[in-house]
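Overview (structure and organization)
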Amino acid sequence: MSAPRRALIVIDAQQEYFDGLLPIQFPARQDSVASIQAAIDAAQQTDTPVVLVQHELPAEAPVFAAGSSTWQNHPTVAAYEDTAAKRISKQFSSIFADTDLETWLRGQKIDTITLAGYMTNNCVIASAAAAEPLGFAVEVLSDATGAIDLANEAGTAPARQVHETLMALLHSNWAAVTDTATWATALSTSAALTKSDLVTSATQGRSTR
């Protein structure tokens, strides 16, 4: 197996998730953004391209309003804006929808994308799923992503349940899920990370009942 050609994609690490209407609840916000910083540092130390993504909506929108204080990247991530290999703006959950990211990744001969950022329950899972038909391998950093508490007409789910459930779901099919420290080691050794599969995950799931 050839060594993966990775890019680290930091999705929407914006103030909306810290000071806005969508505060990340699990993992703790300051812990996850520290892991994002560690991932960026590890990427830059190995000349792995870093892509910073920002969600942007019209100025009158209640969240991610263009130019607003909560649209800005978290200061920890904003410190890397000038050294990022690429920055993109998006309006949909997927990092590929109506952006030039796919074209750029292919131009850089990237075959594996590592996802960090927010939210697990929206843009992370949407982007991982969207990568499948494009042929990109996906990695997700469990401690450098985060979810929110959810409640609506269909039911309720605390952020920890949302996050941990989606990590297991992602690892069962769409992505190799790991923590930042393990990923950094794989990065430094050019090692590939493996995911599970639906049959194995289902078999192991039945054994826990």
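Residues numbered from 1 in each chain as written. Predicted model: local features only at pLDDT ≥ 70, side-chain atom pairs only at ≥ 80, totals over all residues. Heavy atoms only, no water.

Observations regarding the overall build of the protein
Definition in use: By the criteria applied, helices consist of DSSP H or I runs no shorter than four residues and strands consist of E runs no shorter than two, each listed in order from the N terminus. We compute the radius of gyration over the C-alpha atoms and compare it with the globule rule, which gives 2.2 Å times the number of residues raised to the power 0.38. Exposure is judged per residue with a 1.4 Å probe applied to protein chains only, and the accessible area is read against the type maximum: over 50% gives exposed, under 20% gives buried, and values in between give partly exposed. The contact criterion used throughout is that any non-hydrogen atoms of two residues lie within 4.5 Å.
For the protein, the count of helices and strands is eight helices and eight strands. A globule of 209 residues ought to have a C-alpha radius of gyration of about 17 Å, and the protein, at 16 Å, matches this closely. Along the first, second and third principal axes, the C-alpha atoms of the protein reach 50 × 45 × 30 Å. Counting every position in the protein, which comprises 209 residues, the buried fraction comes to 46%. Considering only contacts within the protein whose residues lie at least 6 apart along the sequence, 76% involve residues at least 24 apart.

Considering the sheet that holds strand β8 (residues 176-178)
Our working definition: Pairing between strands is defined by DSSP: at least two bridges between them are needed. What counts as an axis is a line fitted to C-alpha atoms, over the stretch in contact for a helix, and the angles between N-to-C directions run from 0 to 180 degrees.
As summarised here, the arrangement of the six strands in space is β3-β2-β1-β4-β5-β8, forming an open sheet in which the pairing is parallel. With one partner strand each, in any of the chains shown, β3 (86-90) and β8 form the two edges of the open sheet. Here the average twist between neighbouring strands, direction ignored, is 25°. Relative to β3, strand β2 (residues 50-55) runs parallel, the two being bridged by five bridges. Bridged to Leu52 within β3 is Arg87. Sitting on the sheet, helix α5 (residues 120-131) touches β1 (6-11), β3, β4 (112-118) and β5 (137-146), and the angle it makes with β4 is about 165°. Of the strands in this sheet, β1, β4, β5 and β8 touch helix α7 (residues 180-189), which is tilted by about 140° from β5.

Observations regarding the packing of aromatic side chains
For the record, the criterion: Classification of ring pairs rests on two measures: the distance between centres of Phe, Tyr or Trp rings, Trp counted by its six-membered ring, which must be within 6.5 Å, and the angle between planes, read as stacked under 30 degrees, edge-to-face over 60 and tilted in between.
On inspection of all chains with the given rule, the structure shows four aromatic pairs. Considering the side-chain rings of Phe18 and Tyr118, the 6.0 Å spacing of their centres and the 70° angle between planes classify their relative orientation as edge-to-face. Of the two residues, Phe18 is situated in helix α1 (residues 16-19) and Tyr118 in strand β4; the sequence distance between them amounts to 100 residues. Owing to a relative accessible area of 0%, Tyr118 belongs among the buried residues under this scheme. With centroids separated by 5.9 Å and ring planes inclined at 5°, the aromatic side chains of Phe96 and Phe136 adopt a geometry described as stacked. With Phe96 in the loop between β3 and α4 (101-107) and Phe136 in the loop between α5 and β5, the pair connects residues that are 40 residues apart, well separated along the chain.

What to know about helix α6 (residues 159-171)
Basically, it comes down to this: Take the residue count of a helix, subtract one, and multiply by 1.5 Å to get its expected span. Each C-beta atom gives one direction from the helix axis, and the arc is the one those directions make.
For α6, built from 13 residues, the straight-helix expectation of 18 Å at 1.5 Å per residue is met to within 8% by its first-to-last C-alpha distance of 18 Å. Taken residue by residue, α6 has Ala159, Val162, His163, Leu166, Met167 and Leu170 as its buried positions. Buried residues of α6, viewed axially, fall in a sector of 125°; they line one side.

Side note on the pattern of salt bridges
Counted only if it meets this: Within this document, salt bridges are pairs made up of a side-chain nitrogen of Lys or Arg and a carboxyl oxygen of Asp or Glu, the two lying within 4 Å of each other.
Using the criterion set out here, one finds six salt bridges in the structure. The partner of Asp100 in a salt bridge is Lys86, with the nearest N and O atoms 3.2 Å apart. Taken as a pair, Asp100 in the loop between β3 and α4 and Lys86 in strand β3 lie far apart in primary sequence, 14 residues in all. Taking relative accessible area as the criterion, Asp100 reaches 40% and is therefore assigned partly exposed. The salt bridge partner of Arg106 is Glu102, with a shortest N-O separation of 3.0 Å. Taken together, the residues Arg106 and Glu102, both in helix α4 and four residues apart, mark about one turn of the helix. Overall, the relative accessible area of 30% leaves Glu102 in the partly exposed class.

Side note on the environment of Tyr118
How we decide: N or O atoms closer than or at 3.5 Å make up a polar contact, with two conditions inside protein: a donor-capable atom paired with an acceptor-capable one, and, for residues adjacent in sequence, both atoms drawn from side chains.
With 23 residues separating them along the chain, Tyr118 and Ile95 place their C-alpha atoms 12 Å apart. Here the side chain of Tyr118 touches Ser32 through a polar contact of 2.7 Å, side chain to side chain.

Details of the nonpolar core
Selection rule: Buried Ala, Val, Leu, Ile, Met, Phe, Trp, Tyr and Cys residues form a nonpolar core when they are joined through side-chain atoms within 4.5 Å.
Ile9, Ile95, Leu105, Ile113 and Leu115 are the most contacted members of the largest nonpolar core, which has 29 residues in total. Contributing elements (two or more residues each) for this core: β1, β2, α4, β4, α5, β5 and α6. Of all hydrophobic cores here, the second largest spans 27 residues; its members include Tyr17, Val50, Phe64 and Ala144.

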